[in-house]
Amino acid sequence: MLVAPRLLALLSVAFRFSTAAQLPNQSQAKDLPVATNGEPFPWDRMRLPKTVSPLHYDLSIHPNLTTLDFTGIVRIELDVHEDVDAVILHAKNMQISSALLLAPDGVKPLKVLEYPQFHQLALLSDSALSKGRKYEVQLAFAANLSDSYHGFYKSSYRTKTGEVRVMASTQFEATYARGAFPCFDEPAFKANFTIRIVREPQHITISNMPKVKSVELPGGLLEDYFDTTVKMSTYLVAYIVSDFLSVSKTTKHGVEISVYAVPEKIDQTAYALDAAVKLLDFYDDYFDIPYPLPKQDLAAIPDFQSGAMENWGLTTYRESGLLFDPEKSSASDKLGITKVIAHELAHQWFGNLVTMEWWNDLWLNEGFAKFMEYISLDITYPELQVDDFFLGKCFEAMEVDSLSSSHPVSTPVENPTQIQEMFDDVSYDKGACILNMLRDFLTPEAFEIGIIRYLKRYSYQNTVNSHLWESLTDICTSDDLDEGRLRHKEFCSKRELQSGASKWYSGDVLDVRAIMDTWTLQEGFPLVTVEVKGREVRLSQERFLKTDDPSLTEGFLWQIPLTYMTSASSTVHRFLLKTQTDVLYLPEEVAWVKFNVDMNGYYMVHYAGDGWNSIINLLQHNHTALSSNDRASLIQNVFQLVSVGKVRLDTALELSLYLSRETEIMAVTQGFGELVPLYKLMEKRDMAALENKMKSYIVDLFRGLIDRQQWTDSGSVSERMLRSYLLLFACVRNYPPCLAKATQLFQQWKDSDGTMSLPVDVTMAVFVVGARTPEGWDFLFEKYRHSMQNSVKSRMKTAMAVSPLQEKLKWMMEQSLTGEIMKTQDLPDVVVSVSRNPRGYKMAWDFLRAHWHTLIKKFDLGSSIVSYMVTGVTNQYSTPEMLDEIQGFFGSLTEETGSELRCIQQTYETIEDNIRWVNTNLPLLQAWLDKRSHRGNHEDL
């Protein structure tokens, strides 16, 4: 069993970090790094020593939006834990003009040494700083505003009249505060911050806390003073200098909520404002901990790399993640915006109030926030039907987690690139999915009591995995009930009356940590094989891994909360599988059994023997006997099992036939998600005949559902999102009725000079068809240039990127790189969209290669954006020649330019898996499609 060695490895890393508190003694000096001035630098580790810690920062910043630089002074109050004569802290790309020690016996200059490789400064004092004493250091510094998307960076936007306006904003997660001011830039070094910002009169400033006063300075400048923050990590500090306008409301708990945006888009902020009020009130009540700040601002930043950022009291967003136009935004936009706001506001508790000790446990922040998006919206916005989409997150996580280059949810990281790589589907989506499994396992009531206990116990502190598991164990102890709410007391007293402490186990003491360590400290996830023999159900588990090396799957063991239902009973039965194999006994023989009910568990299931045939038979004759999530999980499981040789492709295709009767969004989109990649592989292999057969099969399969779609905006959120999806697919595949309608609507819209109001749900399909001709493309681009609605621009941009006009595709990528008309923040989406275009995939790869060094500088090595481009551009290749070309390019890089990136290993594995899949399954696919066409008139459809 590999769990124990992994645990030991993690413990040794933790021990190494804890012993790093001592500064090296002089006998080690010969091994010390060398500072920029040639002297030995007195610290040789990436992590800061724990000899001193910051208590309070007094930070004064003066940005110049004309010269695009800034100056500042920071005074840091220090708590000294050991006698030291050097203070080690972070600063990056910064000129330090003076450094002073403000000691009880007077002001003294400090010598400054720099070690840029670790972004570290050493402040050397002539006399030792004594243990137990408080000191202050003061540093004057200057730097340029960053031209990337992190640190204190420049952003700009264009007004309707074409004027370019400049602003400055911050993005400090994970390790970028050190580029804005000297600081102890690790999450465990929490402190209070008092911030002042100098500005010109035409600008405003906002920060984490409310503004206390403004003071006039000589030369017509103003200095804004902000209230002191609560105790928090450096990565949550935020400030913005801009000409934004705002709208405000107050929550029922008395917190002022404001939404900020550029002046011409302020009329698109009403929805976000109402959502933020509603969600902050929800969390305030749900967590039973009052939001601790007097205000919460939400700001829409014109240039922003990620989706949003949870800075305490000042959350920042992409404009598309916050701005909503009721006339022109889609149902998908509404769901997306509400989810992003729910995510960032959940962080005000998970992440801000209680913060992971170190980035190895980033999932404690991000997995929780992703999970709470769904919990909160299910209650506050039931009409958004958010449950219809959660499962997709688990499928996305499994895609990455089925590769040997995956990583445990909690995994050692040290340098900034490794830290950046943690912001991936494993930390976010797998984190959320294993929390959902645990909630189902413990019951929602018990889980809620446990997470409230966790938040109350560790407020303003830092945590590790085990703190969460302890908080979720023995939740009905008296000390917590004294703090708890009435309904929690009722739950616990009711629970004690029940015989058997839980529906999951009997006899054993429930050890949440032992269970969850198997899900967080080892990578991957289990495949549970089920074989039914009469009343006997034989179970076995192994790691699900897309590899041709079986040794890589050995030694993995999970404690799996199994759920199942049968043809004889819709009751959900539960069983905790702790061993490699086990046997269950049913009360009677059954026609079928379905494990992982609603796919609440993060595992796949293989039905051995005749199991898949009985499932296929059920879906063909009575698919609604299973929930939509169950159907979606069966589609995903069976096609993924083909890729590891557990199931034949024709079995999976037989199962897919039932989709002609499917109407629910999760099952339909999962059907597309498994079938479309099959012809995408062929598009890059000169196999037109087979490719077209596959495309025709998918169109035939969903023809009935496509034909039932109306070209309107009626229906529920899920119905509207499904309509957009189906009509777009049908038009891309040249389905004649769709093509005719979209062509007609585009012509009418063009004739009206874009003033005609199209139904929002159908605009993607209409734009995609319109962008196929040079005149249509140019017209769309002109409308893109002048639109003030981000959601409309996003749909236009995607449509232009799937055009067959190759010279336009190349121009789009180059234009996005310069960022004059198409913003550079949108470049990754443009490049990945072009790579999925049959006319553009090679151009996208050539572009990525040619501009690699520019892209990693702009978007940062290790970032999820770089990973998205690498995997998005390469994941549909399936030939040895293309694998050689991709390996040749990435293999020529140095570690500094990305050769060690995890996404590159994932790319190699994915292409190798594609090559294996094609070699094994193309003959089967050809034979099955031929057999289908010979049946005539698709009688099964």
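This one's a predicted model, so the numbers in the text were calculated from it and none came from an experiment.

A.B. asks: Hey, could you go over the pattern of salt bridges for me, with residue numbers and the actual values?
C.D. replies: On inspection of all chains with the given rule, the structure shows 53 salt bridges. The salt bridge partner of Asp650 is Arg648, with a shortest N-O separation of 2.7 Å. A single network of salt bridges, built from pairs that share partners, joins Arg318, Lys797, Asp826 and Asp829.

A.B. asks: Can you explain the pairing of strand S23 (residues 526–533)? Please cite residues and give values.
C.D. replies: Relative to strand S24 (residues 536–543), S23 runs antiparallel, the two being bridged by eight bridges. The residue of S24 that forms the bridge with Pro526 is Arg543. Counting the residues that bridge the hairpin from S23 to S24 gives two residues, and of these Gly534 lies at a positive phi of roughly 65°. Here S23 pairs with strand S29 (residues 604–607) via four bridges, running parallel. Within S29, the position partnered with Val528 by the bridge is Val605.

A.B. asks: Would you mind going over the packing of aromatic side chains in detail, with residue names and values included?
C.D. replies: Aromatic ring pairs are defined here through the distance separating the ring centres and the angle between the ring planes. For the structure shown, the criterion picks out 55 aromatic pairs. Taking the centre distance of 6.0 Å and the plane angle of 55° together, the rings of Tyr291 and Trp349 count as tilted. Taken together, the positions of Tyr291 in the loop between helix H2 (270–286) and strand S18 (295–301) and Trp349 in the loop between helix H3 (331–347) and strand S21 (354–356) put the pair 58 residues apart, joining distant regions of the chain. Classification of Tyr291 by relative accessible area gives buried; the value is 6%. Given a relative accessible area of 1%, Trp349 falls into the buried group. For the ring pair Tyr607 and Trp612, a centre distance of 5.1 Å and an interplane angle of 90° mean the geometry is edge-to-face. The same class applies to Tyr607 and to Trp612, which are both buried. Site record: aromatic cluster; members linked through ring pairs are Phe282, Tyr283, Tyr286, Phe287, Tyr291, Trp349, Phe350, Phe368, Phe371, Phe447, Tyr454 and Tyr458. Here the basic side chain of Arg47 rests over the ring of Trp358, its NZ or CZ set 3.5 Å away from the ring centre. One Lys or Arg, Lys278, reaches over the ring of Tyr381 and ends 4.2 Å from the middle of that ring.

So, how was this worked out
Residues numbered from 1 in each chain as written. Predicted model: local features only at pLDDT ≥ 70, side-chain atom pairs only at ≥ 80, totals over all residues. Heavy atoms only, no water. Salt bridge = Lys/Arg side-chain N within 4 Å of Asp/Glu carboxyl O. Pairing = 2+ DSSP bridges. Helix = DSSP H or I, 4+ residues; strand = E, 2+ residues; numbered from the N terminus. Phe/Tyr/Trp six-rings, centres within 6.5 Å; stacked < 30°, edge-to-face > 60°. Buried < 20%, exposed > 50% of the residue type's maximum accessible area, 1.4 Å probe, protein only. Lys NZ or Arg CZ within 6 Å of the ring centre and 35° of its normal.

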